[in-house]
Structure formats: C-alpha cells, structure tokens
Amino acid sequence: MSPSLTRRQVAKGAVWATPVVVTTAAVPAYAASKDICALDAGASLATGFEYGEKIVDANTNRTTEYFTLDRGGMDVYGLDADETVTSLSVTLSVENANSTRTAGNNQGFDDPTQNTVNVDDSGLGPGWTQTSAARARTTTINLEDGGTTTRNMWSVTFTNDPLSSGSYSTDANGCKTFVSSDIVTRTAGYALQYPNMVAYSGDPGNLIVSQVVTYTATTSKGNTIVYQEYILNNDSIHGVVKNIT
C-alpha cells in the first residue's frame, strides 16, 4: 500500500538564516501479522535558526539569536480498524555551537539549556507540549548505510496526546490513517530568543545547522514506528533511518 503523503514540505531562506530539517517521506510497508493493512508513515519538520541580522549593541559586540519551529507533524497509515495511535513524540537534536563563533567554522547553534532564553510556545498545536530539554552531550547518530557518527548535540522533545488531537480516516479496505495535529499553528509557533549573545566575527552566511529529528509513535496493538532524518555537515550528509516493530 502506498498512500499519498499529505504533509507539506516547508523551507525558507535568508542571508543570515539556516532554516531546515524538512522531511516528508514514507516508511516501507510493514506487514507482520497484518493481512490487509500495512503500517506506513510520513513525517515533516521545519526549523529556523537565525544568528542575528545585525549587532544590536556595538559597544559590546552583542546580538540576538532565534530558534523556531515553523511546521511539522506525523501521519500513520495502515492501522487496523480496531487499532489507534496511543502516543506520539518528536525530538529535535541540534549540534551545539563551538566556542570560536567565527563565520564559516560553526555549523551549530547555542544550547538553550546553557543560555538565558525567552520562550514563546503560544503557537504550539493542539495536544502538543514541550516535555524536556537536554543539554549538549555526545550523541550517536545512526546512518542510512548502517554506520554511525557522533556529534555534540542538545535536544528538545515535544509530545502529543493523540487521544485528544489528530484525526482518523478509513479507506475502502477498512484500514485507518491517523493524521496528527501540526506541532505549531503558525510560523515560529514555538520560538526561543537568545538575547545578549556574542556576535559572529564576519558574515555567518547560509549555514545549515546539523540536526536530527526523531518521530516516535506507538499503537494500541503494541507497534512502534520510529522515523528519523538527519542533516549533517552543512547538508553534505543527510538521510533517513526508520524502523517499524
């Protein structure tokens, strides 16, 4: 079964911005004991990272940075007629900024758990909450080719209550599709503002921040769907790793 994906790809660009993890893809069908309905999934997430368009305090060489969530959600296909999604979470892991803050040499973004940040979560979608944030640490990343790599990454995790949000539809075979509510209801629906940051030396340009997004869904029949996409080294390394059990 190859359902059409409904999540929209979102990307934006600006001289000082690094938008993107944007994902929209299907996980290979998983039959197991299912005779007709085969589990499948699609997911998307769009992020924005802005290092500051100008130095806001010339005397101290300080600026303001922003991190935003702009769109995202998950679709689960091929649920049995009596099967529901019972939990849903997404974790965004971001490579931590290095200490030099020199243009062209920093693919990371500052750890919000180690800095003073102003949080605006007023645009989170129905059922979504931020449940945790982890400080930067060595993180192992599984790659498409079966190998692994490591990065120093911080992370934020959001969870969704699928019992009170999202929607179901049923196809002609009686198989159901679950569509989660969007993580945010508008661009920058979740935003972190970092005031009083040390400005870069030179123009940071269009850096693509190394990041990993992991969606995890569980169902009432004990199935777990993990969908993970990574973008590393200014998008020179990217791929999708997924598992359905």
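As a starting point, this report considers the structure included with it.

### Concerning the pattern of salt bridges
- Here the structure, examined in full by the defined rule, presents three salt bridges.
- Here Arg71 and Asp182 are joined by a salt bridge, their closest N and O atoms 3.2 Å apart. Linking Arg71 in strand β2 (residues 62–79) with Asp182 in the loop between β8 (176–179) and β9 (190–198), this pair joins segments that are 111 residues apart in sequence.
- Using a relative accessible area of 28% as the deciding quantity, one classes Arg71 as partly exposed.
- Put simply, Asp80, Asp82 and Lys221 are held in one network by salt bridges that share partners.

### Some thoughts on the side chain of Gln211
- In this fold, Gln211 is placed in strand β10 (residues 211–219).
- Within the local environment of Gln211, its side chain forms a polar contact with the backbone oxygen of Val209, the two atoms lying 2.8 Å apart.

### Quick word on the environment of Thr140
- Along the chain, the position of Thr140 falls in strand β5 (residues 128–142).
- Accessibility expressed as a relative area gives 54% for Thr140, which makes it exposed.
- In this structure, Thr140 is in contact with Thr148, Thr149 and Thr150, ignoring residues within four places of it in sequence.

### Topic: the nonpolar core
- Grouped together as the largest cluster of nonpolar side chains are 38 residues, with contacts concentrated most on Phe67, Leu69, Met74, Val76, Phe109, Ile183 and Tyr215.
- Within the residue set of this core, elements represented by two or more residues are β1 (40–50), β2, β3 (85–95), β6 (148–160), β9, β10, β11 (224–232) and β12 (237–244).
- Those residues in contact with Phe67 that lie beyond four places of it in its chain are Thr47, Gly48, Phe49, Leu92, Phe109, Trp154, Tyr190, Ala191, Leu192 and Tyr194.
- Core analysis: the next-biggest nonpolar cluster, separate from the first, contains six residues, Ile141, Leu143, Tyr230 and Leu232 among them.

Calculation notes
- Residues numbered from 1 in each chain as written.
- Predicted model: local features only at pLDDT ≥ 70, side-chain atom pairs only at ≥ 80, totals over all residues.
- Heavy atoms only, no water.
- Salt bridge = Lys/Arg side-chain N within 4 Å of Asp/Glu carboxyl O.
- Helix = DSSP H or I, 4+ residues; strand = E, 2+ residues; numbered from the N terminus.
- Buried < 20%, exposed > 50% of the residue type's maximum accessible area, 1.4 Å probe, protein only.
- Polar contact = N/O pair within 3.5 Å; in protein donor to acceptor, adjacent residues only side chain to side chain.
- Contact = heavy atoms within 4.5 Å.
- Core = buried A, V, L, I, M, F, W, Y, C linked by side-chain atoms within 4.5 Å.

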